[in-house]
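Chain by chain, the residues:
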Amino acid sequence: MKTVLALGIGVVIGVTVWWLGASPLWATALAVPPAAFAVLIARMPRATDVVWAADPPLPGSISTAHASTLASRLAEAAEDPKRYDARFRARFERLGIDAAGLADPKELAERLRRVE
């Protein structure tokens, strides 16, 4: 509806310019920019429109999710030592952490569960 109104403004401007003595080609050329501007303004969201958004996440919820995920993965890796060596030790080494000095996976998983 707003777009039709904006295009109507362009038509009114064109007819007014033609009625004042311009040729139809010039009346059209002079009416197109204001009509385009009116269409642009009609399609823009208003500053007063309500934008609904969810509440921001509580602080620490991301770290809790990461801790619980890591705890469950460590618990799984504790059952399979090859998996622990392949996954966790390689990642710890890439981070520059000495994996040999860390506790066993069961103890790490228990510590992370307490963090939650």
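Worth saying up front: this structure is predicted, and the values here are computed from it rather than measured. (Residues numbered from 1 in each chain as written. Predicted model: local features only at pLDDT ≥ 70, side-chain atom pairs only at ≥ 80, totals over all residues. Heavy atoms only, no water.)

## Observations regarding the packing of helix α1 (residues 2-19) against helix α2 (residues 24-43)
Our working definition: Under this scheme, a helix contributes an axis fitted over its contacting stretch, all axes are lines through C-alpha atoms, and angles between N-to-C directions fall in the 0 to 180 degree range. The numbering of helices and of strands both runs from the N terminus, where a helix is a DSSP run of H or I of at least 4 residues and a strand a run of E of at least 2. Here is the rule for angles: anything less than 35 degrees is roughly parallel, anything more than 145 is roughly antiparallel, 65 through 115 is roughly perpendicular, and the remaining ranges are oblique. By the definition used in this description, the sense in which the near helix is turned from the far one sets the handedness, with an anticlockwise turn below a right angle giving left-handed and a clockwise turn giving right-handed. Every residue pair with non-hydrogen atoms within 4.5 Å of one another is taken to be in contact. In this classification, the charged set is Asp, Glu, Lys and Arg, the nonpolar set is Ala, Val, Leu, Ile, Met, Phe, Trp, Tyr, Cys and Pro, and all remaining amino acids, among them Gly, are polar.
Two elements in contact, α1 and α2, have axes whose closest approach is 8 Å; the angle formed by their N-to-C orientations is 155°. On the basis of the axis angle, α1 is roughly antiparallel to α2. Viewed along their axes, α1 and α2 form a crossing whose handedness is right-handed. Two secondary-structure elements touch here, α1 through Lys 2, Thr 3, Ala 6, Leu 7, Gly 10, Ile 13, Gly 14, Val 17 and Trp 18 and α2 through Pro 24, Ala 27, Leu 30, Ala 31, Pro 34, Ala 35, Ala 38, Val 39, Ala 42 and Arg 43. The residue makeup of the contact of α1 with α2, split by class, is 14 nonpolar, 3 polar and 2 charged.

## Quick look at a positive patch on the surface
Note the threshold: Residues qualify for a patch when their relative accessible area is over 30% and they have no salt bridge, like charges being joined within 9 Å and the nonpolar side chains of Val, Leu, Ile, Met, Phe, Trp and Tyr within 5 Å. Reported accessibility uses the Shrake-Rupley method at a 1.4 Å probe radius. Residues are deemed covered only where the shown protein chains occlude them. Only one rule defines a salt bridge in this text: a Lys or Arg side-chain nitrogen within 4 Å of an Asp or Glu carboxyl oxygen. Note on charges: Lys and Arg go in the positive column, Asp and Glu in the negative column, and His and the chain ends are not counted at all. We put the charge of a Lys on NZ, of an Arg on CZ, of an Asp on CG and of a Glu on CD.
Taken together, the side chains of Arg 73, Arg 87, Arg 91 and Arg 94 present a region of like positive charge at the surface. The topology assignment puts Arg 91 in helix α4 (residues 81-94).

## Some thoughts on the nonpolar core
Among soluble globular proteins, nonpolar side chains are generally buried collectively. Condition: By convention a nonpolar core is built from buried Ala, Val, Leu, Ile, Met, Phe, Trp, Tyr and Cys residues, the set being connected through side-chain atoms within 4.5 Å. The cut-offs for exposure are 20% and 50% of the maximum accessible area for each residue type, with area from a 1.4 Å probe on protein chains only; residues under the lower value are buried, those over the upper are exposed, and the others partly exposed.
Core analysis: the largest hydrophobic core is formed by 7 residues, namely Leu 74, Ala 77, Tyr 84, Phe 88, Phe 92, Leu 108 and Ala 109. Secondary structure elements with two or more residues in this core: α3 (61-79), α4 and α5 (105-115). With 3 residues, α4 is the largest single contributor of residues to this core. If we ignore the near neighbours within four places in the chain, the residues touching Ala 109 are Ala 71, Leu 74 and Ala 75.

## Some points on α1
Rules: For a helix, the expected span equals 1.5 Å multiplied by the number of residues minus one. It is the directions from the helix axis to the C-beta atoms whose arc is reported.
In this model, α1 (18 residues) spans 26 Å end to end at C-alpha, consistent with the 26 Å of a helix rising 1.5 Å per residue. Among all positions in α1, only Ala 6, Gly 10, Gly 14 and Val 17 are buried. Projection of α1 onto a plane perpendicular to its axis shows the buried side chains occupying an angular sector of 85°, all on one side. Turned more than 90 degrees off the buried face of α1, the exposed positions are Val 4, Leu 5, Val 11, Val 12 and Trp 19. On the buried face of α1, the contacting elements are α2. Within two residues after α1, Gly 21 carries a phi angle of roughly 120°, on the positive side.

## Details of α4
Three or four residues apart is the spacing at which side chains of an α-helix point the same way, because the helix has 3.6 residues per turn. Here α4 contains 14 residues, and its C-alpha end-to-end distance of 19 Å stays within 8% of the 20 Å for a straight helix at 1.5 Å per residue. Looking one or two residues past α4, Gly 96 carries a phi angle of roughly 85°, positive in sign.

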